[in-house]
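# Fold and geometry: a report
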Amino acid sequence: MRTHTFLALCAAAALGGCGSQQPAAQHFDGSRGEVKLLTLDPGHFHAALVQMYMYDQVDPTVYVYAPEGEDAAMHLDRIKLYNERTDDPTSWNEQLYTGDDFLQKMISEKRGNVVVLAGNNGKKTGYVKAAVDAGINVLSDKPMAIDSKNFALLESTLDEAAAKGVLVYDIMTERSEINNELQRVLVAIPSLFGEMEKGTPDDPAITKESVHHFFKYVSGQPLTRPEWYFDVEQQGEGIVDVTTHLVDLVQCTVMPEQPIDYASQVEITSARRWATDIPLDKYRLVSGKESYPDFLKKDIVDDTLRVYSNGEINYRLNGVNVRVSVIWKFMAEVGNEGTGDTHYSVVKGSKADVMIRQGAEQGYKPMLYVACKGDDTAAFEKELRAALASIADRYPGLDIEPSGDKEWRIVVPDALVKTHEMRFSSVMKVYLKYLVDGKIPDWELSQMKSKYYTTTAALEAARKAGK
């Protein structure tokens, strides 16, 4: 179905559910069970991870609306695993509706006040629009827009939501990964870090690179990817998908909790994109299907599927030169199949560089390092210890160990580490607080717009450059 036709159906569904009157925004006060979840078309496992734990504020009955098919069945199977686990089992009561009119049904019945979106990204912007028109709050997996046309719709929808008191928020789990969090905190200590460098396009002040795998394990189980996941018209290219997290982390570092005017403070300097080849035997392993579907045949070259899942963006944010890139491999190297996604990051300051590495040397676990740029390493080590002591109330138990002549690794106690799955709970708690506050902070709203402008403008630039 073409995008404009799908968006028209979303708008019609919203109008059918709302009638002629605009619904009033609901007031939340933190009461038990006041948040009633809806799950719409859950094609991605992130939809289930939002429910990995229970929340007093969230009613245990969840209404799922989806087309008939494997996506909904796999979603319910994941929730069932959480309900039946031995350690801290959940008690979700899933109520499933399937049918071609699943979107219209959700809006007309309106059995919930927050809809969770995690699935086909080509449809997601339209789903956000339909929910906002119906007065339903939205908690959405990234990305909420995969091209410039959808970004324009998202931006107007976010403005509409703010005016109506409807809260739209995207799930930025990487903010609460402990190394990302500590990197931002240490960069914000001038006595340790100094001033952030501006860098150049060839030698940026901030570099972030993320490596992912199509075949991976989630909650101890091998992940089966839906077939549409390999279609960039439905999933989005890599440059607008995972890079969303990286751009978000950059924004939080350069302009923490500050509004961003993307028109004047974001400048794309260059962008490129490239494909990952997935031969049929590997496609069968990760999808469970025997052959490529017809909608992927446009992307098959020499009997091999080519997915444009890789991308790099070079840009300036408020004068700081940045490079973010995402790379997708089919699976981790032999012997490291259990390895999760990996991340490399460096932020350069006048006194120190703060880095995250997650390679073989680190056992594929993210680790944080601080490198001294001056000559007096003894004084710097003393300053580093003082910086950690100043944040000990929030991050107890941090220590350091030498990692070269002028570099130290930050030793993070296990108690501060959150797994990928646990970080969804962190986002949910932030969102529940925003519901009680009655609004998304202005800086969050502007940074959402800036984030999706950056990724979609970069995609456009990469395509124009033929890269």
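Above: the structure in question.
One structure accompanies this document, and this report is about it. (Residues numbered from 1 in each chain as written. Predicted model: local features only at pLDDT ≥ 70, side-chain atom pairs only at ≥ 80, totals over all residues. Heavy atoms only, no water.)

### Description of the packing of helix H10 (residues 243-254) against helix H15 (residues 442-464)
The N-to-C vectors of H10 and H15 enclose an angle of 130°; their axes lie 9 Å apart at closest approach. The orientation of H10 relative to H15 falls into the category oblique. For the crossing formed where H10 meets H15, the hand is right-handed. Counting all contacts with H10, which are made through Thr243, Thr244, Val247, Asp248, Gln251 and Cys252, the residues of H15 involved are Gln447, Ser450, Lys451, Tyr452, Thr454 and Thr455. By residue class, the composition of the contact of H10 with H15 is 3 nonpolar, 7 polar and 2 charged. (Axes fitted to C-alpha atoms, helices over the stretch in contact; angles between N-to-C directions. Helix = DSSP H or I, 4+ residues; strand = E, 2+ residues; numbered from the N terminus. Parallel < 35°, antiparallel > 145°, perpendicular 65-115°, else oblique. Left-handed = near helix turned anticlockwise from the far one by under 90°. Contact = heavy atoms within 4.5 Å. Nonpolar A, V, L, I, M, F, W, Y, C, P; charged D, E, K, R; others polar.)

### Observations concerning the pattern of salt bridges
In total, this model carries 34 salt bridges according to the counting rule given. Salt-bridge contacts for Lys449 lead to Asp159; the nearest nitrogen and oxygen are separated by 2.5 Å. One end of the pair, Lys449, is in helix H15; the other, Asp159, is in helix H6 (residues 148-164), with 290 residues separating them in the sequence. A relative accessible area of 38% means that Asp159 is categorised as partly exposed. (Salt bridge = Lys/Arg side-chain N within 4 Å of Asp/Glu carboxyl O. Buried < 20%, exposed > 50% of the residue type's maximum accessible area, 1.4 Å probe, protein only.)

### Focus on H15
End to end, H15 covers 33 Å across 23 residues, agreeing with the expected 33 Å (1.5 Å per residue, within 8%). For H15, a buried count of 17 out of 23 residues is recorded, marking the element as mostly surrounded by other parts of the structure. Following H15 by one or two positions, Gly466 has its phi on the positive side, about 70°. (Expected span 1.5 Å × (residues − 1).)

### Looking at the environment of Pro201
Residue position: Pro201 is located in the loop between helix H8 (190-193) and strand E7 (206-213). Separated by 171 residues in the primary sequence, Pro201 and Cys372 have C-alpha atoms spaced 23 Å apart. Every residue in contact with Pro201, bar those within four places of it in the chain, is listed here: Thr269, Asn314, Arg316, Asn321 and Arg323.

### What about helix H13 (residues 377-390)?
Under the 1.5 Å per step criterion, the end-to-end length of H13 is 20 Å for 14 residues, consistent within 8% with the ideal 20 Å. At its buried positions, H13 is contacted by helix H7 (178-187), H8, strand E15 (352-357), strand E16 (367-372), strand E17 (399-402) and strand E18 (407-411).

### Overview of the side chain of Glu407
Tracing the sequence through the fold places Glu407 in strand E18. The contact partners of Glu407, leaving out residues within four places of it in the chain, are Met355, Arg357, Tyr369, Val370, Ala371 and Pro402.

### A word on the packing of aromatic side chains
The geometry of an aromatic ring pair is captured by two quantities: the separation of the ring centres and the angle between the planes. Counted according to the given criterion, the structure contains 17 aromatic pairs. Pairing Phe214 with Trp328 gives two aromatic rings, centres 4.8 Å apart and planes at 40°, and the pair type is tilted. With Phe214 in the loop between E7 and strand E8 (217-218) and Trp328 in strand E13 (residues 320-329), the pair connects residues that are 114 residues apart, well separated along the chain. Trp328 shares its class with Phe214; the two are buried. Members of the aromatic cluster, each reached through a chain of ring pairs, are Phe214, Trp228, Tyr229, Phe230, Tyr283, Tyr292 and Trp328. In this structure, Arg273 packs its charged tip against the face of Tyr308, placed 4.2 Å from the ring centre. (Phe/Tyr/Trp six-rings, centres within 6.5 Å; stacked < 30°, edge-to-face > 60°. Lys NZ or Arg CZ within 6 Å of the ring centre and 35° of its normal.)

### Considerations on the packing of H7 against H10
Closest axis-to-axis distance for the H7/H10 pair is 9 Å, and the angle between their directions is 25°. What the angle tells us is that H7 and H10 run roughly parallel. Seen from above, H7 lies across H10 with right-handed handedness. Contacts between H7 and H10 pair Asn180, Arg184 and Val187 from the former with Leu249, Cys252 and Thr253 from the latter. Across the contact of H7 with H10, the residue classes break down as 3 nonpolar, 2 polar and 1 charged.

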